[in-house]
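Structural overview
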Amino acid sequence: MTFTIRECEDSSISANGSTTLKIDIAQGVTFTVSKIIYKSTGNFKITRIYDSAAKQDFLVGSLHETHFDDGNGKTLVINPPIVLKGSTSLKFDVTDTSGSSNAVYLAVIGDEK
């Protein structure tokens, strides 16, 4: 296994708007997600985390940026980890809750083989 950080594409969200961010996993690759980290210019919530190929959801309810409380306050530990088998995409449905336009950046940390 190899320590890997994968980042979603950058996203600007309009005030109270929503978007989907994704991380692609190539065919034949297994990626095990142990942490999700973020950077943003305002408040937001994640309303869905899912594996697009396996059609598997990993979130019930909403996950606000205030739930990312490990380490520097911008890290969410995933235990047990999410295991993705490519070819697939890990998708995040994100909604702005700040009332202003917002830039949200997500990345996942884990092992890849």
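The structure displayed is predicted, hence computed values, not measured ones.

Re the pairing of strand S4 (residues 30-40)
- One ladder, built from 7 bridges, connects S4 with strand S8 (residues 75-85); its direction is antiparallel. Bridged to Phe31 within S8 is Leu84.
- Here 9 bridges tie S4 to strand S10 (residues 102-112), and the two strands are oriented antiparallel to one another. Looking across to S10, one finds that Ile37 is bridged to Ala107.

Some thoughts on the environment of Ser12
- With respect to the helices, strands and loops of the structure, Ser12 is situated in strand S2 (residues 11-13).
- Taking the relative accessible area as the measure of exposure, Ser12 reaches 67% and is therefore exposed.
- The sequence separation of Ser12 and Phe92 amounts to 80 residues, and the corresponding C-alpha distance is 14 Å.
- If sequence neighbours within four positions are ignored, Ser12 has contacts with Asn102 and Ala103.

A word on the packing of aromatic side chains
- One pass over the structure, following the stated rule, counts 3 aromatic pairs.
- Ring centres of Tyr38 and Phe44 lie 5.1 Å apart, and the angle between their planes is 75 degrees; this geometry places the pair in the edge-to-face category.
- Judged by its relative accessible area of 10%, Tyr38 falls in the buried class.
- On the basis of an interplanar angle of 75 degrees and a centroid distance of 5.0 Å, the ring pair of Tyr38 and Phe68 is categorised as edge-to-face. Of this pair, Tyr38 sits in strand S4 while Phe68 sits in the loop between strand S7 (63-64) and S8, and the two are 30 residues apart along the sequence.
- Three or more aromatic residues joined by ring pairs make a cluster, and in this case those are Tyr38, Phe44 and Phe68.
- Its guanidinium or amino end placed over the ring of Phe31, Arg6 lies 5.5 Å from that ring's centre, counting from NZ or CZ.
- Between the NZ or CZ atom of Arg48 and the centre of the ring of Tyr50, over which it lies, the distance is 3.6 Å.

Overview of unusual backbone geometry
- Between Asn79 and the following residue, Pro80, the backbone shows a cis peptide bond with an omega angle of 5 degrees.
- Among the secondary structure elements, Pro80 is positioned in strand S8.
- A positive phi angle, close to 60 degrees, is found at Asn16, a residue other than glycine.
- In this structure, Asn16 sits in the loop between S2 and strand S3 (18-25).
- With a relative accessible area of 53%, Asn16 lands in the exposed category.
- A positive phi angle, close to 55 degrees, is found at Lys55, a residue other than glycine.
- Positionally, Lys55 belongs in the loop between strand S5 (44-51) and strand S6 (56-57).

Thresholds applied
- Residues numbered from 1 in each chain as written.
- Predicted model: local features only at pLDDT ≥ 70, side-chain atom pairs only at ≥ 80, totals over all residues.
- Heavy atoms only, no water.
- Pairing = 2+ DSSP bridges.
- Helix = DSSP H or I, 4+ residues; strand = E, 2+ residues; numbered from the N terminus.
- Buried < 20%, exposed > 50% of the residue type's maximum accessible area, 1.4 Å probe, protein only.
- Contact = heavy atoms within 4.5 Å.
- Phe/Tyr/Trp six-rings, centres within 6.5 Å; stacked < 30°, edge-to-face > 60°.
- Lys NZ or Arg CZ within 6 Å of the ring centre and 35° of its normal.

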